[in-house]
Amino acid sequence: MRPRILTLLRHLTNALALIAAAGVLAMLLHVTADIVGRQVFGRPVPATVEIVSRYYMVLIAFLPLAWTERRGEMIAVDVFASLFKGRWGRINMAVVNLLSFAAFSFLAYTTWFAAMREFGSGSFVLSLSVAVPVWPGYFVLPLAFALASLVSALKLYLCLTGTEDSADGVAFSEHGEGSASS
């Protein structure tokens, strides 16, 4: 059962990171079309700034959050971490994962209510007389934070059970995507 959960979570985080990468390409094409439209035809693509800032940038910044957490590539300050070995190192990692879980859970909880408030009001922005709904972008944050908190909770569990490096032969947090641990 545990390998299936790890594999599912790995595939889900990979998929969201891939969607974020597709968002980079879509933003590139959108901005290029806006520049060409403005310079060549004298007609910019309406609401480019709003769509880039309210959709693309949010997707790019937040969707890969759980992916980076799973891979252990979040920004870290390891000044004292190298001093902890064995049991103390495991306790240190457990505390870090617990704090990460708490922070991501709190952010998921609070951003969910913000997203629901924006959804309820049907928030939008006007750009060149075009109404651009912005409320859908607010739901990216609770999704990203909830998945990152799930990854942190699973990393905490794996740390407490002593299986963080090799979770029943299923690669989870190391850089070897798709390879089994030995």
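This report concerns the structure included in the present document. (Residues numbered from 1 in each chain as written. Predicted model: local features only at pLDDT ≥ 70, side-chain atom pairs only at ≥ 80, totals over all residues. Heavy atoms only, no water.)

**Quick look at the overall build of the protein chain**
The helix and strand tally for the protein chain stands at five helices and two strands. In the protein chain, the succession of helices and strands from N to C terminus is α-α-α-α-β-β-α. Counting contacts in the protein chain only where the partners sit at least 6 residues apart, residues at least 24 apart contribute 72% of the total. For the protein chain, the accessible area works out to roughly 11000 Å², and carbon and sulfur atoms hold 72% of it. (Helix = DSSP H or I, 4+ residues; strand = E, 2+ residues; numbered from the N terminus. Contact = heavy atoms within 4.5 Å. Areas by Shrake-Rupley, 256 points an atom, 1.4 Å probe, with all protein chains shown as cover.)

**Structural notes on the packing of aromatic side chains**
In total, this model carries seven aromatic pairs according to the counting rule given. A ring pair is formed by F104 and F145, whose centres lie 6.5 Å apart and whose planes are at 25°; its orientation type is stacked. Separated by 41 residues along the polypeptide, F104 in helix α4 (residues 86-121) and F145 in helix α5 (residues 140-161) bring together distant segments of the chain. F145 carries the same exposure label as F104, and that label is buried. Ring centres 6.2 Å apart and planes at 75° place the aromatic pair F119 and F139 in the edge-to-face group. (Phe/Tyr/Trp six-rings, centres within 6.5 Å; stacked < 30°, edge-to-face > 60°. Buried < 20%, exposed > 50% of the residue type's maximum accessible area, 1.4 Å probe, protein only.)

**Some words on the environment of V95**
As for its position among the elements, V95 is in helix α4. Separated by 61 residues in sequence, V95 and L156 place their C-alpha atoms 8.3 Å apart.

**Some remarks on a nonpolar patch on the surface**
A contiguous nonpolar patch, built from Y109, W112, F113, M116 and F119 and spanning about 540 Å² of accessible area, is present on the exposed surface. Within the secondary structure, Y109 is located in helix α4. According to the relative accessible area criterion, Y109 is exposed, its value standing at 54%. (Patch = residues over 30% accessible without salt bridge, like charges linked within 9 Å, V, L, I, M, F, W, Y side chains within 5 Å. Salt bridge = Lys/Arg side-chain N within 4 Å of Asp/Glu carboxyl O.)

**Observations concerning the packing of helix α1 (residues 2-40) against helix α2 (residues 48-62)**
Here α1 crosses α2 at 165°, and the two axes come no closer than 9 Å. Judged by the angle between their axes, α1 and α2 are roughly antiparallel. Both α1 and α2 take part in a crossing whose hand is left-handed. Note on element contacts: α2 touches α1 through T48, I51, V52, Y56, M57, L59 and I60, opposite A20, G23, V24, A26, M27, H30, V31 and D34. Classifying every residue of the contact of α1 with α2 gives eleven nonpolar, three polar and one charged. (Axes fitted to C-alpha atoms, helices over the stretch in contact; angles between N-to-C directions. Parallel < 35°, antiparallel > 145°, perpendicular 65-115°, else oblique. Left-handed = near helix turned anticlockwise from the far one by under 90°. Nonpolar A, V, L, I, M, F, W, Y, C, P; charged D, E, K, R; others polar.)

**A short note on the pairing of strand β2 (residues 130-133)**
Two strands pair when backbone bridges link them, and strand β1 (residues 124-127) and β2 are joined in this way by four bridges, in the antiparallel orientation. Of the residues in β2, the one forming a bridge with F124 is P133. Taking the residues between adjacent antiparallel strands as the criterion, β1 and β2 are bridged by two residues, where L128 takes a positive phi near 50°. (Pairing = 2+ DSSP bridges.)

**Focus on the pattern of salt bridges**
Summed over the entire model, instances satisfying the criterion amount to two salt bridges. D34 is the salt-bridge partner of R38, the closest N and O atoms lying 2.9 Å from each other. Of this pair, R38 and D34 both sit in helix α1, separated by four residues, roughly a single helical turn. Put simply, K155 and E69 hold a salt bridge, and the shortest N to O gap is 3.7 Å. Remark: E69 occurs in helix α3 (residues 65-70) and K155 occurs in helix α5; sequence separation between them is 86 residues.

**Focus on the environment of E69**
Residue E69 is classed as buried on the basis of its relative accessible area of 6%. Sequence-distant contacts of E69, that is, excluding residues within four places in its chain, are made with M74, N97, S100, F104, A148, V151, S152 and K155.

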